[in-house]
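# Report on the structure
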Amino acid sequence: MATFISVPLKKASEVDLVKPLSKFVTTTYPAGEEQGEYIRAVEELNKLRKNALGRPLDKHESSLEILLRYYDQLCAVEAKFPFSENQLCLTFTWKDAFDKGSLFGGSVKLALASLGYEKTCVLFNAAALASQIATEQNLDNDEGLKAAAKYYQLASGAFGHIKDTVLSALNREPTMDISPETVGTLSIIMLAQAQEVFFLKATSDKMKDAVIAKLANQAADFYGDAFKQCQYKDNLPKEVLPVLAAKHCILQANAELHQSILAKQKKRFGEEIARLQHAAELVKTVASRYDEYVSVKDLTEKINRALTAAKKDNDFIYHDRVPEVKDLEHIGKAALVKATSITPPLSQKFTDLFEKMVPMAVQHSMSIYNQRKAETVNRLVGTMREATNLCNGVLASLNLPAALEDLSGDSIPQSIAEKARSIVQQGGLQSIEQLIKDLPELLTRNREILDESLKMLDDEETTDNELRTKFNQRWNRTPSGDLYKPLRAEGANFRNILDKAVQADQVVKDRYNTHCEMITLLCKPENELNAAIPSANPTRTLQGSEVVNVLRSQLAQLDELKKERETMEGEIKAVTFDMSTAFLTALAQDGAINEEQLSLSQLDQLYGAYNQRVQASLRTQEELLGQVQTSHQEFSSLKQSNTEANQREEVLKKLASAHDSYVEISSNLREGTKFYNDLTEILLKFQNKCSDIVFARKTERDELLKELQQSIAREPSAPSFNVPAYQSNPAPPAAGPTPAPRTVFPQQAQQQPEAKPQPPARPPPPSFTPQAASTAPTNVPPTGPPNTNPPPVAPASQAQGPPYPTYQGYPGYFQMPMGYNPYAYGQYNMPYMPYQASPGQGGYPGAPPAGQPYHGYPQQPPQQQPYYPQQ
């Protein structure tokens, strides 16, 4: 009765967690103390996996604690790393727990790039180890009973959790041991064993018979449910089914036994006998069918004693009618067990190694938030820069402020001289030409990185398609074309960015070519610049006029407005806010993050005031430019016009415009250089991502090819066919009787006939020496005295036939007497043929006279069933 079912552990292949996880940490988090802490945590996680899966585990609570800690850590780290086939690809390989494999094919195993698969298998091992620890408990004391019940319920909960989550975690067909049907059955088995432990505790505590009967009946019901689930399936070892059937019968018999005691107390003596008879039939079924799995000797004796006493009392005293079993009142049920809920953390000593790392949902939300923030900043800064460029363009078209400074008509205006010095200080033409020269090299480098990355994907996808065409349905992994869709979309986006960058570069080059001549002029010494500007008649009469003073005041206001924008641009770029706290709070409260709502709300708080200031600046500039244009018209009408003056003014406009273009082109080229350098880092990360996934796919491909080769090797090379009868050797006589197949259906227990008595085994034939017998005459007396004949031996444990006759013409051949049948031994419904000596053949040593049987040998037995099963 003490037989309990435990589950074997799955075996895992070694996986290096340090390299891919550390690579992700170094590329995601900036170098510093935080990055170093995360890399150390990755190394600790790798050690934890080796301790949990890389060595044999003792059947002790400390080993279970290691497994639960690793499972808890997997649950905690799942949300903080992007584990998937097309991002952080780690392939985990596990063997089937119940498959012992074959000589050439090996055991069944499954390799998946899924952390959910790793979690499922680790939880399976935790449940299996819990069942083994429970089985090892001493059930003769309360501590052992309590521990066994606790671990069985934990195992039941773990198997049940796998049943509910395995398909969604794997997204493909699992191995047989972790399939929903198998783990569902194991969950019920563990629950049944926990209920049985409670029954044993109630029995040892001598609780009321009504309570014990209900506990036993509930346990029997659990075992019956488990039996029905695996009755027609081959997903569990063959030893499990008979144990479940036996346990169902045994616990049902216990329930009937204790319910009979309750019936006796209520003076229902007929019911007592009926229940004891039913219990006796149940244990008799167990003894006849499942004796090699479960022993019911003590329970059988107990039930039989009670039944004998009950029948005797009823026959002599009570004479109560014994009802049929089907008419008995059903025994109640009391379930005291419940599958343990699997809610991490399961380990009592668990501490998250990556406690400071934010979950991937928060990281993703932070990434989108940063994009929204960058777009907001660029929009505000871009608006101000466009307004400033517009202002500079309008002033340059009006030749302001140069027209106010050039009243003498023969010297370089102060503003033009300052602009010329500014260009020279910034490097002049040489700096711009160097920047333009560097752009194609940076562009080519980025294109090469992108092309190489996509080529890796193309090559692997081509190989995958070729193998899929070759193996058809057997090549049952995710197609590379489907898996690489996000990466190809990302690559297409990068290519689109590069194409747009090339167009922008061309616009900058065209603008440079347009203003190159004037920029070259501004880079010359002051005397050469002055000589290149045409002279005009002086207009000294306008100096000190009111219109000139108004224009200068308006230009000063525009300059002040530009300075305010520069200051505001710096303030806008300096705004910082940590949104991770808000996202973490939302994730903890709601279980999800509404990134758009939270981000837009926070960005409005941060940049709403700046947006208003920018719009006010734009309105102020518009008003000032209108005033400047009106004043300039008045100034132009007062100014004396001639051809020389117009030429001079045109050159001054071009020089002012060239300075503004130089500043903008220089800024654009530096931004372009920075853009290409930043894009190079991003493309290198993209290349690493492509390289990692291609490497993982190659590893998975090699594993799958190996499995396919093994499966092909196991397949027969040709269909089965019938061998002709003349080519087959005659089958040797059976070594023993072929037992009838066992059935494990408890409900048919009463319908099985009683076991037939086994006939005695045949004795071995007497030994003789063929060479001696062939040379001895027929009238020679026996070689030894009769008293030296060996005593009769005990019958052999298995039936033995006579020796086969040798072939004619070889030594030791004797002509068999007529009517000899070498297979007649054991056919007890046929008489024994008396031995008749042939000419030239001597008798057996110590043989009795002809026609008399051997001393001590059984005579013709009474008619019995044939010894061998009839066809």
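Residues numbered from 1 in each chain as written. Predicted model: local features only at pLDDT ≥ 70, side-chain atom pairs only at ≥ 80, totals over all residues. Heavy atoms only, no water.

### Section: helix α8 (residues 240–265)
A rise of 1.5 Å per residue sets the reference length of α8, with its 26 residues, at 38 Å; its end C-alpha atoms lie 38 Å apart and thus fit the reference within 8%. Of all 26 residues making up α8, 22 are buried, and the element is well covered by its neighbours. Where α8 ends, the next residue or the one after it, Lys267, has phi of about 60°, a positive value. (Helix = DSSP H or I, 4+ residues; strand = E, 2+ residues; numbered from the N terminus. Expected span 1.5 Å × (residues − 1). Buried < 20%, exposed > 50% of the residue type's maximum accessible area, 1.4 Å probe, protein only.)

### Focus on the environment of Glu85
Along the chain, Glu85 turns up in the loop between α3 (61–78) and β1 (92–95). The spatial distance from the C-alpha of Glu85 to the C-alpha of Ile693 is 6.9 Å, given a sequence separation of 608 residues. With residues up to four places along the chain from it excluded, the contact list for Glu85 reads Ala113, Thr478, Leu483, Ile693, Arg697 and Glu700. (Contact = heavy atoms within 4.5 Å.)

### With respect to empty space enclosed by the protein
Space left empty within the atom packing is revealed by a probe, the size of a water molecule, rolled over the atoms. Counting across every chain of the model gives three cavities of 30 Å³ or more. Each pocket or cavity is described by its volume, and for the second largest cavity that value is around 50 Å³. Broken down by secondary-structure element, the contributors of at least two residues to the lining of the second largest cavity are α3 and α4 (115–135). Counting residues per element, the lining of the second largest cavity draws most heavily on α3, which supplies three residues. Split by residue class, the lining of the second largest cavity holds 10 nonpolar, no polar and one charged. (1 Å grid on protein atoms, 1.4 Å probe; cavity = no way out; pocket = protein on both sides within 12 Å on 5 of 7 lines; lining within 4 Å. Points joined across faces, edges and corners; volume = space filled by probe spheres on them. Nonpolar A, V, L, I, M, F, W, Y, C, P; charged D, E, K, R; others polar.)

### Quick word on the packing of helix α2 (residues 33–53) against α3
For the pair α2 and α3, the least separation of the axes is 9 Å and the interaxial angle reads 140°. Judged by the inter-axis angle, α2 sits oblique to α3. Our pair here, α2 against α3, has a crossing hand that is left-handed. Residues Leu45, Leu48, Arg49, Asn51, Ala52 and Leu53 of α2 pack against Ile66, Leu67, Arg69, Tyr70 and Gln73 of α3. Tallied by class, residues from the contact of α2 with α3 come to seven nonpolar, two polar and two charged. (Axes fitted to C-alpha atoms, helices over the stretch in contact; angles between N-to-C directions. Parallel < 35°, antiparallel > 145°, perpendicular 65-115°, else oblique. Left-handed = near helix turned anticlockwise from the far one by under 90°.)

### Re the packing of aromatic side chains
Any two aromatic rings considered together are summarised by their centre-to-centre distance and by the angle between their planes. Per the counting criterion, the structure on display carries 10 aromatic pairs. The structure contains a cluster of three or more aromatic residues connected by ring pairs, namely Phe24, Phe81, Phe83 and Phe354. Against the face of Phe124 rests Lys10, its NZ or CZ located 5.9 Å from the ring centre. Between Lys247 and the ring centre of Phe4, over which it is positioned, the NZ or CZ distance is 4.3 Å. (Phe/Tyr/Trp six-rings, centres within 6.5 Å; stacked < 30°, edge-to-face > 60°. Lys NZ or Arg CZ within 6 Å of the ring centre and 35° of its normal.)

### A look at the pattern of salt bridges
Evaluation of the coordinates by the stated rule reveals 36 salt bridges. Of the charged contacts, one joins Arg49 and Glu118 as a salt bridge, the two residues approaching to 2.7 Å between their closest N and O atoms. Of the two residues, Arg49 sits in helix α2 while Glu118 sits in helix α4, which places them 69 residues apart along the sequence. The exposure class of Glu118 is buried, given its relative accessible area of 0%. Each of Glu460, Asp464, Arg468, Arg477, Arg697 and Glu700 takes part in one network of salt bridges that share partners. (Salt bridge = Lys/Arg side-chain N within 4 Å of Asp/Glu carboxyl O.)

### A few points about the packing of helix α14 (residues 428–471) against helix α16 (residues 485–522)
At a closest axis distance of 11 Å, the pairing of α14 and α16 adopts a crossing angle of 165°. Judged on the interaxial angle alone, α16 and α14 are roughly antiparallel. Crossing of α14 over α16 shows left-handed handedness. Within the contact of α14 with α16, the residues separate by chemical class into 16 nonpolar, three polar and 10 charged.

### A closer look at the confidence of the model for the chain
Of all residues in the chain, 78% attain a pLDDT of 70 or more, and the chain-wide mean is 80. Low pLDDT, under 50, characterises residues 731–756; the stretch is placed with 39 contacts to residues that sit more than four places away or in other chains. For the stretch residues 767–832, pLDDT sits under 50, and the model shows 57 contacts to residues farther than four places along the chain or on other chains. (pLDDT = per-residue confidence, 0-100.)

### Describing α4
Taking 1.5 Å of rise per residue, 21 residues should cover 30 Å, and α4 covers 30 Å from first to last C-alpha, within 8% of that figure. With 20 of 21 residues buried, α4 is to be regarded as a mostly interior element. Of the residues flanking the start of α4, the one acting as N-cap is Ser114, its side-chain oxygen 3.3 Å from the backbone nitrogen of Gly116. (Polar contact = N/O pair within 3.5 Å; in protein donor to acceptor, adjacent residues only side chain to side chain.)

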